[in-house]
Amino acid sequence: GAVLPETALYGSDRQEKAVEGARRNLAEAGLTDRAELCQADALALAATYPAGFFDALVTNPPYGARLGRGIRFGPFYADLLTQARHLLRPGGRLVVLVRKRSAFHRALAEAGGFQVRQERMVATSGVYPVAFVLERTG
């Protein structure tokens, strides 16, 4: 049976190529009818979805290795957390892969509104980001 059959899925990426790849993956998995995809920047989703719309968000932002060179990660992570806080219901979860761990910790402390539930290094394509699981408080 399907995992979480009542769960609606939403997805976005800045690049149309990535959105098309996600559409193919959803079709292969038989999940097209449960998913809504769009080309959009994760830092601008508050303009698309109302406050508290999501129970959970999962994101894999640029690490600055290949994509995202030149990003000032402190402000970038602060913007990401602001968007997530707006989009998540209280108690909602944010899962984010982070390569610049210390910059993320600083942004998290400054932004407030989240409690770290888990922090674990993962391996992906020769890069070792940290997967953070955060809970939106209040």
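Refer to the structure presented above.
Residues numbered from 1 in each chain as written. Predicted model: local features only at pLDDT ≥ 70, side-chain atom pairs only at ≥ 80, totals over all residues. Heavy atoms only, no water.

A count of helices and strands for the protein gives 3 helices and 6 strands. Considered along the principal axes of its C-alpha atoms, the protein spans approximately 40 × 35 × 30 Å. The buried share of the protein, reckoned over its 138 residues, is 30%. For the protein, long-range pairs separated by at least 24 residues make up 66% of all intrachain contacts whose partners lie at least 6 apart in sequence. Accessible area of the protein: about 8500 Å², with a carbon and sulfur share of 50%. Side-chain charges of the protein comprise 18 positive and 13 negative groups, with the mean position of each set lying 9 Å from the other. (Helix = DSSP H or I, 4+ residues; strand = E, 2+ residues; numbered from the N terminus. Buried < 20%, exposed > 50% of the residue type's maximum accessible area, 1.4 Å probe, protein only. Contact = heavy atoms within 4.5 Å. Areas by Shrake-Rupley, 256 points an atom, 1.4 Å probe, with all protein chains shown as cover. Lys, Arg positive; Asp, Glu negative; His and termini not counted. Charge placed at Lys NZ, Arg CZ, Asp CG, Glu CD.)

A few words now on the sheet that holds strand E4 (residues 88-98). Across the sheet, which stays open at both edges, the 4 strands sit in the order E3-E4-E6-E5 with mixed pairing between neighbours. Bordering the open sheet on either side are strand E3 (54-59) and strand E5 (114-121), each of which pairs with just one other strand. Pairwise comparison of adjacent strand axes, ignoring direction, gives a mean angle of 10 degrees for this sheet. As paired strands, E3 and E4 are joined by 5 bridges and run parallel to one another. (Pairing = 2+ DSSP bridges. Axes fitted to C-alpha atoms, helices over the stretch in contact; angles between N-to-C directions.)

With respect to the element layout, Gln 15 can be found in the loop between strand E1 (9-13) and helix H1 (16-29). For Gln 15, a relative accessible area of 45% gives the class partly exposed. Residues Gln 15 and Ala 40, spaced 25 residues apart in sequence, show a C-alpha to C-alpha distance of 7.9 Å.

Once that is clear, we can look at the packing of aromatic side chains. What the rule picks out here adds up to 11 aromatic pairs. Ring geometry for Tyr 10 and Tyr 49: centres 5.7 Å apart, planes at 80 degrees, overall edge-to-face. Separated by 39 residues along the polypeptide, Tyr 10 in strand E1 and Tyr 49 in the loop between strand E2 (35-39) and E3 bring together distant segments of the chain. The exposure class assigned to Tyr 49 is buried, which follows from its relative accessible area of 8%. Taking 4.9 Å as the distance between ring centres and 70 degrees as the angle between the ring planes, the aromatic pair formed by Tyr 49 and Phe 54 counts as edge-to-face. Residue classification places Phe 54 among the buried positions, given a relative accessible area of 10%. Through a chain of ring-to-ring contacts, three or more aromatic side chains come together here, namely Phe 73, Phe 76, Tyr 77, Phe 104 and Phe 132. (Phe/Tyr/Trp six-rings, centres within 6.5 Å; stacked < 30°, edge-to-face > 60°.)

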